[in-house]
Amino acid sequence: MTITEPYKNPSEQFHAVGDDIHDAKAPTGPIEKRWDDRKFNAKLVNPANRRKLSVLVVGTGLAGASAAATLGEAGYHVKSFCYQDSPRRAHSIAAQGGINAAKNYRNDGDSIYRLFYDTVKGGDFRARESNVYRLAQVSVNIIDQCVAQGVPFAREYGGLLDNRSFGGVQVSRTFYARGQTGQQLLIGAYQALERQIAAGTVEMNTRHEMLELIMVDDRARGIIVRDMVTGEIETHTADAVVLASGGYGNVFFLSTNAMGCNTTATWRAHRKGAYFANPCYTQIHPTCIPVSGDYQSKLTLMSESLRNDGRIWVPKKMNDERLASEIPEDERDYYLERIYPAFGNLVPRDIASRAAKYQCDAGKGVGPGGLGVYLDFADAIDRLGRPAVEAKYGNLFDMYAQITGEDPYSEPMRIYPAVHYTMGGLWVDYDLQSNLTGLFVTGEANFSEHGANRLGASALMQGLADGYFVLPYTLANYLADGPYDKVDHDHPAVVEAKQAVEERITTLLAINGTRTVDSYHKELGQIMWDYCGMERTEEGLTKAIGMIRDLKTDFWANVKVTGVNEELNQTLERAGRVADFFELGELMCIDALNRRESCGGHFRAESQTEDGEALRHDDEFAYVSAWEYGDKQPTLHKEPLEYEYVEMKSRSYK
Amino acid sequence: MNITVRVWRQKNADDKGKMVTYGVENVSEHMSFLEMLDVLNEQLTLSGDDPIAFDHDCREGICGACGVVINGQAHGPQTTTTCQLHMRSFEDGAVIDIEPWRAGAFPVVKDLVVDRGAFDRIIQAGGFISAPTGSAPEANNLPVPKEDADHAFESATCIGCGACVAACPNGSGMLFTAAKITHLGLLPQGQPERDSRVIGMIEQHDHEGFGGCTNIGECTSSCPKGIPLDTISRLNRDLLGALAKGKA
């Protein structure tokens, strides 16, 4: 007789399993009424009382600037913080493609329900239906709001708004401002914010970085920030804290994120008890300009619209050093067209990215280090003529030529995938409140609406939805019970938080070792890319966890941080961020190890179909992984996902 | 390639500052200008020196954070942001001077970092349309002629980097101000506040210590986004119109 042990996931050597989360606070009833119900039932704050209530907003991207402006306008006392020299520089500004909204201006069958459906399906059934439906509902208000602010969206000759289709959906619902939609939307939110700063309702703190969260009596009541010019460690307290501090793609060192993007605000909150959800869900974009050398500091995205007319190929022969033009047609492998004849070069982002990796792993990559594949427009130029190609893609070709020094009209472009967006983030309920009372998290910093994969043109939508239309209601509901007892700066919780920040800075400056911060960051990034990137395995992830722990130990013994705290010290800033990336990177690997399925941006090599497609395990993994911080090991809390409206299906692109 | 850089070093706003010479070896022509500075900073850090402070963030030419004067030209020899300038624009053995934006309204914070907060304050003085959240009418109720929308967009592409100010012999911030006046003034939504906007923004511009415009045009030729000089003519027209109505 054999006794079978209860099944244990191999990831459990690295973490504990805690209680499930059963209440994400979404209203019940028909899905189209839930947000209305929530708004109606939310407590209101009398306008005269609002100025007695204070809110701290960290980050000034779409989610942060829109929230700060709206809350200031409503009459709350708002303080806004950003690490940049101006709120206008937050990385939302770099979004190119557009913003989705279910306006159905094209009369092509779009609707709130269809946007909801596409987003749930696109997220590979790992997002909450209630949240996604609300996002689709408020999408239409966002466009109205932005137009009223003067955002110069593309228009047709009749003066009405233009749309395009984006990201493999069958309707045209994407509003855009050439290739600079993020810039125009952010400038709109920035101007609204500056208007409130002038009105005195928002106090702006530029070049200030949040380094700690202050918890008093189990409520988030403040933050510790560093003035990045003087080094002064400041305490700011309030009735509520909003984190809109963006994603964590820079854990990979090389990504399309801005150089300063970091996880410190969210990670510090996590260490104070906020659950971090689905950290392993990262989105890798297939059409980026490849790395050219070890000095590379960031990667540049090119719109994936290029795949509409470009053909992707590699030489059939390994390590082929001939120029592309010298390789005859029958010695080229148009591998996407060969493997996926129905969709060809237009397969979804994750499939295109992984396929490029496989070709390069097999020694067929092109360009420096063999980390690139060709994206060839020769056929398109023959078929359409050069002027037509120029009209469609001219700005992208110019950008490519500027960065690489090569002419993509005569030689094919080289492309390679790069980390672009992180779906994971701090866990929030329907009200965008984390499990820590009084701590709200919006935009890319939270985990909520995109599931395991984000659709194109949906990040801008979510950031603005959260800031303009969701948070103002749900935060008011929380503030209605305030103001809370004033927190003095000599409160033990404040003193402790401030001391922790100061001690950490002192420690970093005192190590005076032999390696630079960037060299550690690059090494961490390489580990993450190799083992927690496009394809993950049990063996690789287990190995990566060990490597990250060793590297982290070495960092705290050998890093060299020059200068002092009491000055503008960019090395010190980066050191603190990299220190947090080590811990996050480890949690990402543990999360990826636990999730023994492939879904959206998470591909476990052990879980694929015979055709190499991602294979979900809905019976076992239809849950949100919410991680609780622990000094020794993290604890996993599962929030089960239920689908009442959209039937769970698997996708196929063959 | 091997190059020599002469960099403005200034510990803080009160320090006098001076040019310091460094050699950088094995520079790849594919490096961006800022990556060359990264490499130099790694060298400086390892030898125990203070690395050079410079502003930068997106490194794809859109956030407007970066910007230094290279051999006397704002953003260097090409019409790009500094982050989009590559070392292939320089010869092997080149000696390159690198300085911060030089303008009274942009005080130096450290090394190549300046304080451009004056730009934010110009926007606060009227560079917006008052549209309280939630009060907006249906977007397509207000058609905007495509030509106007396109022109507004062109002006709205300003990234607020400050190259126009650095390039101007008068240290004027007029191109930046005019770009916003033009963006909002061309749209029907921007009409109700058009007069108060131009007066408020110009007052703030002058208050910040920017110089006046004498139509030299250095601003537009150094602008990485190609904001045209005629936006300043539009600003002047709007200003005269507003003053004539006695709105000041």
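Residues numbered from 1 in each chain as written. Chains lettered and ligands numbered in written order. Predicted model: local features only at pLDDT ≥ 70, side-chain atom pairs only at ≥ 80, totals over all residues.

Helix and strand counts for chain A stand at 17 helices and 20 strands. Relative to the compact-globule value of 26 Å for 654 residues, chain A shows a C-alpha radius of gyration of 24 Å, a close match. Taking the principal axes of the C-alpha coordinates as reference, chain A spans close to 75 × 65 × 65 Å. Taking all 654 residues of chain A together, the buried fraction comes to 58%. Across chain A, the fraction of contacts at a sequence separation of at least 24, relative to all contacts at a separation of at least 6, is 74%. (Helix = DSSP H or I, 4+ residues; strand = E, 2+ residues; numbered from the N terminus. Rg over C-alpha atoms; globule rule 2.2 N^0.38 Å. Buried ≥ 20, exposed ≤ 12 C-beta atoms within 10 Å, placed from the backbone. Contact = placed C-beta atoms within 7 Å.)

A count of helices and strands for chain B gives eight helices and seven strands. Considering chain B as a whole, with its 248 residues, one finds that 54% of them fall into the buried category. The contacts of chain B with a sequence gap of at least 6 include a subset with a gap of at least 24, amounting to 71%.

All names here are of chain A. As a packed pair, helix 15 (residues 538-558) and helix 16 (residues 570-594) sit with axes 9 Å apart at the nearest point and diverge in direction by 165°. Put simply, helix 15 runs roughly antiparallel to helix 16. Crossing geometry of helix 15 relative to helix 16 is assigned as left-handed. On helix 16, the residues touching Glu-538, Leu-541, Thr-542, Ala-544, Ile-545, Ile-548, Arg-549, Leu-551, Lys-552 and Phe-555 of helix 15 are Ala-579, Phe-582, Gly-585, Glu-586, Cys-589, Ile-590, Ala-592 and Leu-593. Partitioned by chemical class, the residues of the contact of helix 15 with helix 16 number 12 nonpolar, two polar and four charged. (Axes fitted to C-alpha atoms, helices over the stretch in contact; angles between N-to-C directions. Parallel < 35°, antiparallel > 145°, perpendicular 65-115°, else oblique. Left-handed = near helix turned anticlockwise from the far one by under 90°. Nonpolar A, V, L, I, M, F, W, Y, C, P; charged D, E, K, R; others polar.)

Residues and elements named next belong to chain A. With 13 residues, helix 3 (residues 62-74) should cover 18 Å at 1.5 Å per step; its first-to-last C-alpha distance of 18 Å lies within 8% of that length. In terms of burial, helix 3 is largely enclosed, as 13 of its 13 residues are buried. One or two residues past the end of helix 3 sits Gly-75, with phi positive at roughly 110°. (Expected span 1.5 Å × (residues − 1).)

Turning our eyes to something else, we now look at the interface of chain A and chain B. Where interface size is given, it is often the accessible area lost as the parts come together that is meant. On the chain B side, the residues contacting the 60 residues of chain A number 66 residues. Those elements giving two or more residues to the side of chain A that touches chain B turn out to be helix 3, helix 5 (129-149), helix 6 (181-199) and helix 16 of chain A. If one sorts the elements of the side of chain A that touches chain B by residue count, helix 6 of chain A sits on top with nine residues. Each residue belonging to the side of chain A that touches chain B can be placed in one class, and the counts come to 21 nonpolar, 25 polar and 14 charged.

Residue and element names in this part refer to chain A. Look at the UniProt record and you will see "active site" (unreviewed entry) annotated at Arg-349. Looking at the element boundaries, Arg-349 is found in helix 9 (residues 349-361). You can call Arg-349 buried: it has 24 C-beta atoms within 10 Å. (UniProt positions renumbered as here; feature names shortened; annotations may be inferred.)

Pairing between the strands of a sheet comes from backbone hydrogen bonds, and it takes one of two forms, parallel or antiparallel. Residue and element names in this part refer to chain A. Ordered in space as 12-16-15-13-14, the five strands form an open sheet in which the pairing is antiparallel. A single partner strand is all that each edge strand has here, and the edge strands are strand 12 (282-288) and strand 14 (332-333). Of the strand pairs in this sheet, strand 15 (residues 373-376) and strand 16 (residues 413-422) are connected by three bridges, and their pairing is antiparallel. Its bridge partner being in strand 16, Val-373 is matched across the sheet by Ile-415. Across the sheet, helix 9 is in contact with strand 12, strand 13 (311-315), strand 15 and strand 16; its angle to strand 12 comes to roughly 70°. (Pairing = 2+ DSSP bridges.)

Glancing now at helix 6 (residues 194-207) of chain B. All names here are of chain B. Here helix 6 spans 20 Å end to end across 14 residues, near enough to the 20 Å set by a 1.5 Å rise per residue. All buried positions along helix 6 are accounted for by Asp-195, Arg-197, Val-198, Gly-200, Met-201, Ile-202, Gln-204 and His-205. Along its buried surface, helix 6 packs onto helix 2 (117-124), helix 5 (174-185) and helix 8 (230-244). Phi for Gly-209, located one or two positions after helix 6, is positive at around 95°.

Residues and elements named next belong to chain A. Segmenting chain A into domains produces domain 1 (11-281 + 423-479), domain 2 (285-419) and domain 3 (492-621). Listed as interface residues are 11 residues of domain 1 and, on the opposing side, 15 residues of domain 2. Split into classes, the residues belonging to the side of domain 1 that touches domain 2 amount to three nonpolar, eight polar and no charged. (Domains from an automatic or database assignment.)

Residues and elements named next belong to chain B. Taken as a whole, chain B is organised into domain 1 (3-110) and domain 2 (116-131 + 143-244). The C-alpha centroid of domain 2 is placed 28 Å from the C-alpha centroid of domain 1. Taken residue by residue, the interface counts 18 residues in domain 1 and 17 residues in domain 2. Here the side of domain 1 that touches domain 2 is built from residues that sort into eight nonpolar, nine polar and one charged.

This part is about the sheet that holds strand 11 (residues 276-277) of chain A. Residues and elements named next belong to chain A. Reading across from one edge, 1-20-19-11-17 is the order of the five strands in this open sheet, with mixed pairing throughout. The sheet terminates laterally at strand 1 (16-17) and strand 17 (425-426), the two strands that pair on one side only. Strands strand 11, strand 19 (623-628) and strand 20 (635-640) of the sheet are contacted by helix 16, whose axis makes an angle of about 145° with strand 19.

All names here are of chain A. Relative to the assigned elements, Ala-457 resides in the loop between strand 18 (439-441) and helix 12 (459-479). You can call Ala-457 buried: it has 24 C-beta atoms within 10 Å. Ala-457 sits 361 residues away from Gln-96 along the chain, and the two C-alpha atoms are 8.7 Å apart.

We now examine the confidence of the model for chain B. Per-residue confidence for chain B gives a mean pLDDT of 97; residues scoring 70 or more make up 99%. Two summary scores accompany this predicted model of the complex, namely pTM at 0.97 and ipTM at 0.98. (pLDDT = per-residue confidence, 0-100.)

All names here are of chain A. Cis rather than trans, the peptide bond between Gly-482 and Pro-483 has omega equal to -5°. Tracing the sequence through the fold places Pro-483 in the loop between helix 12 and helix 13 (492-511). Even without a glycine there, the phi angle at Asn-278 is positive, about 50°. Relative to the elements of secondary structure, Asn-278 occurs in the loop between strand 11 and strand 12. The residue Leu-432 is not glycine, and still its phi comes out positive at about 65°. Here Leu-432 shows up in the loop between strand 17 and strand 18.

Attention shifts here to the pairing of strand 1 (residues 3-9) of chain B. If a strand is regular, its side chains alternate between the two faces of the sheet. Residues and elements named next belong to chain B. Where strand 1 meets strand 2 (residues 18-24), seven bridges bridge the pair, whose relative direction is antiparallel. Looking at the pairing, Ile-3 lines up with Val-24 of strand 2. Note that strand 1 and strand 5 (residues 95-99) share four bridges and pair parallel. Bridged to Val-5 within strand 5 is Ile-96.

Residue and element names in this part refer to chain A. Note that strand 1 and strand 20 share two bridges and pair parallel. Residue pairing across strands places Val-17 opposite Leu-636, the latter belonging to strand 20. Pairing analysis gives six bridges linking strand 19 to strand 20, with the strands arranged antiparallel. For Glu-628, the partnering residue across the bridge sits in strand 20 and is Thr-635. Counted between consecutive antiparallel strands, the loop separating strand 19 from strand 20 contains six residues.

Bringing the environment of Gly-59 of chain A into the picture now. All names here are of chain A. Within the secondary structure layout, Gly-59 lies in the loop between strand 2 (54-58) and helix 3. Sequence separation between Gly-59 and Tyr-334 is 275 residues, and the spatial gap between their C-alpha atoms is 43 Å. Sequence-distant contacts of Gly-59, defined by excluding residues within four places in its chain, comprise Gly-64, Cys-82, Ala-90, Leu-243, Ala-244, Ser-245 and Gly-246.

Here the focus is the nonpolar core. Residues and elements named next belong to chain A. Ranked by size, the top nonpolar core spans 277 residues in total, and within it Val-242, Leu-243, Leu-426 and Cys-589 carry the most contacts. The dominant element in this core, judged by the number of residues it contributes, is helix 16, at 13 residues. In contact with Val-242, not counting residues within four places along its chain, are Val-55, Leu-56, Val-57, Val-58, Ala-67, Phe-440, Thr-442 and Leu-471. (Core = buried A, V, L, I, M, F, W, Y, C linked by C-beta atoms within 7 Å.)

Time to look at the packing of helix 3 of chain A against helix 6 of chain A. All names here are of chain A. One can describe the packing of helix 3 onto helix 6 by two numbers: an axis separation of 8 Å at closest approach and a directional angle of 30°. One finds that helix 3 runs roughly parallel with respect to helix 6. The hand of the helix 3/helix 6 crossing is left-handed. Of the residues in helix 6, those in contact with Leu-62, Ala-65, Ser-66, Ala-68, Ala-69, Gly-72 and Glu-73 of helix 3 are Leu-185, Leu-186, Ala-189, Tyr-190, Ala-192, Leu-193 and Gln-196. Class assignment for the residues of the contact of helix 3 with helix 6 results in 10 nonpolar, three polar and one charged.

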